[in-house]
Amino acid sequence: MAGHEGWNAWGYEGTGPGAITPDGCAVELYARLPVRDEPDIIAAAVPAGARILELGSGVGRVTHALLERGFTVTAVDESAEMLARVRGARTICGPIEDLDLGETFDVVMLASFLVHAGDAEVRRGMLRTCARHVAKGGRVLIQREGEDYHTNLPREREDPAGFTVRVVSSEPVGDGLNAVRAEYEFPDAVRTQTFRARPLSREQFEEALAEAGLEVDAYLTPDRTWVRVVPAAQRGLGREDRAIPGGGDEFSA
């Protein structure tokens with residue numbers, strides 16, 4: 001199969017066989033990535049059977065595992081090619097930062113390090129979308145980068161499914177942005193993705209939440225990559241800062 005490349009004006013690039021989404025994601029790549037510990041972390045942090053709004057669902061890698069656990073999922077992604085792979089969930093195609101469904105959910109999920117969007121206005125829009133769609137008494141789950149995501153480089157992980165993931169480099173490109181290059185090596189193909197990410201310290205992350213009227217309820221994993229967030233008005237319900245068993249996903253997928 002011939003390879004394809006995708007570039008855009010925001011500095012995203014993707015290579016590999018098959019369709020490439022506007023943000024440089026190879027659809028076939030994401031269809032091949034297995035689910036890891038994300039569903040276990042999510043299930044431990046939210047009520048059983050909750051209605052979940054999954055922002056940035058991709059091909060449904062986590063969606064399908066959540067459906068199997070009895071959750072009801074509305075999957076949102078701006079790539080129609082990605083959403084075509086989702087089964088068993090309501091799907092909505094469009095930019096996360098512009099979403100306004102006129103309804104609320106028990107859980108809103110923003111995973112895959114999307115909170116580190118290179119465009120700060122896009123990040124603000126995404127967090128406002130989270131705040132707009134979380135029900136009273138509900139929770140927002142956010143996956144953020146690890147503290148050494150941009151410094152512990154290069155690094156690689158051999159996945160039990162038979163492929164290798166490498167984060168090759170993270171280079172400053174100005175205005176607080178880094179250009180990150182990742183490689184996914186399968187026996188039959190190599191796929192790459194280059195994207196721009198805005199590193200956020202814990203303090204900067206919490207400031208970004210506050211700007212959207214949100215605050216941390218609990219850091220759910222020892223590395224603080226998975227975070228449960230609530231509207232600031234719910235602060236009286238109690239704030240925690242504890243970890244549950246499990247670890248964050250070092251590589252976004």
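Residues numbered from 1 in each chain as written. Predicted model: local features only at pLDDT ≥ 70, side-chain atom pairs only at ≥ 80, totals over all residues. Heavy atoms only, no water.

## Description of the packing of aromatic side chains
What describes a pair of aromatic rings is the distance from one ring centre to the other and the angle between the planes of the rings.
Phase 1 of the analysis: The tally for this structure, following the rule as stated, stands at two aromatic pairs.
Phase 2 of the analysis: Here Phe113 and Tyr149 contribute two aromatic rings whose centre-to-centre distance is 5.4 Å and whose plane-to-plane angle is 75°, an arrangement assigned as edge-to-face. Of this pair, Phe113 sits in the loop between strand S6 (105-110) and helix H5 (120-133) while Tyr149 is found in the loop between strand S7 (134-143) and strand S8 (155-159), placing the two residues 36 residues apart along the sequence.
Phase 3 of the analysis: According to the relative accessible area criterion, Phe113 is buried, its value standing at 8%.
Phase 4 of the analysis: For the pair Phe163 and Phe186, a centre-to-centre distance of 4.7 Å together with 25° between the ring planes defines the contact as stacked. One end of the pair, Phe163, is in strand S9 (residues 163-174); the other, Phe186, is in strand S10 (residues 177-186), and 23 residues separate them in sequence. Considered together, Phe163 and Phe186 belong to a single accessibility category, that of buried residues.
Phase 5 of the analysis: The residue whose ring lies beneath Arg155 is Tyr149, and the NZ or CZ to ring-centre distance is 4.8 Å.
Phase 6 of the analysis: The positively charged end of Arg191 is found above the aromatic ring belonging to Phe186, 5.6 Å away from the centroid. (Phe/Tyr/Trp six-rings, centres within 6.5 Å; stacked < 30°, edge-to-face > 60°. Helix = DSSP H or I, 4+ residues; strand = E, 2+ residues; numbered from the N terminus. Buried < 20%, exposed > 50% of the residue type's maximum accessible area, 1.4 Å probe, protein only. Lys NZ or Arg CZ within 6 Å of the ring centre and 35° of its normal.)

## A short note on the pairing of strand S4 (residues 72-77)
Phase 1 of the analysis: A large share of S4 lies buried, amounting to five of its six residues.
Phase 2 of the analysis: Here strand S3 (residues 51-55) runs beside S4; their pairing, made up of five bridges, is parallel. Note that in S4 the partner of Leu55 across the bridge is Val76.
Phase 3 of the analysis: Each parallel crossover has a hand, and for S3 linked through helix H3 (residues 61-68) to S4 it is right-handed.
Phase 4 of the analysis: Where S4 and strand S5 (residues 90-93) come together, four bridges link them in parallel fashion. Within S5, the position partnered with Val76 by the bridge is Ile92. (Pairing = 2+ DSSP bridges. Right-handed = clockwise from strand over helix to strand, strands pointing away.)

## Structural notes on the packing of H5 against helix H6 (residues 202-211)
Phase 1 of the analysis: The geometry of H5 relative to H6 is characterised by a closest axis approach of 9 Å and an angle of 60° between their N-to-C directions. Our classification of the angle between H5 and H6 gives oblique. For the element pair H5 and H6, the recorded crossing hand is right-handed. On the side of H5, the interface is formed by Arg123, Arg124 and Leu127, while H6 contributes Ala208, Leu209 and Glu211.
Phase 2 of the analysis: Class assignment for the residues of the contact of H5 with H6 results in three nonpolar, no polar and three charged. (Axes fitted to C-alpha atoms, helices over the stretch in contact; angles between N-to-C directions. Parallel < 35°, antiparallel > 145°, perpendicular 65-115°, else oblique. Left-handed = near helix turned anticlockwise from the far one by under 90°. Contact = heavy atoms within 4.5 Å. Nonpolar A, V, L, I, M, F, W, Y, C, P; charged D, E, K, R; others polar.)

## Overview of H3
Phase 1 of the analysis: Buried residues of H3: Arg61, Val62, Thr63, Ala65 and Leu66, and no others.
Phase 2 of the analysis: Against the buried residues of H3 lie helix H2 (38-45), S3, S4 and S6.
Phase 3 of the analysis: Two residues or fewer after H3 comes Gly70, characterised by a positive phi angle close to 95°.

## Remarks on the side chain of Thr129
Phase 1 of the analysis: Relative to the assigned elements, Thr129 resides in helix H5.
Phase 2 of the analysis: Contacts of Thr129, omitting those with residues within four sequence positions, involve Leu55, Ile96, Glu97, Asp98 and Leu99.

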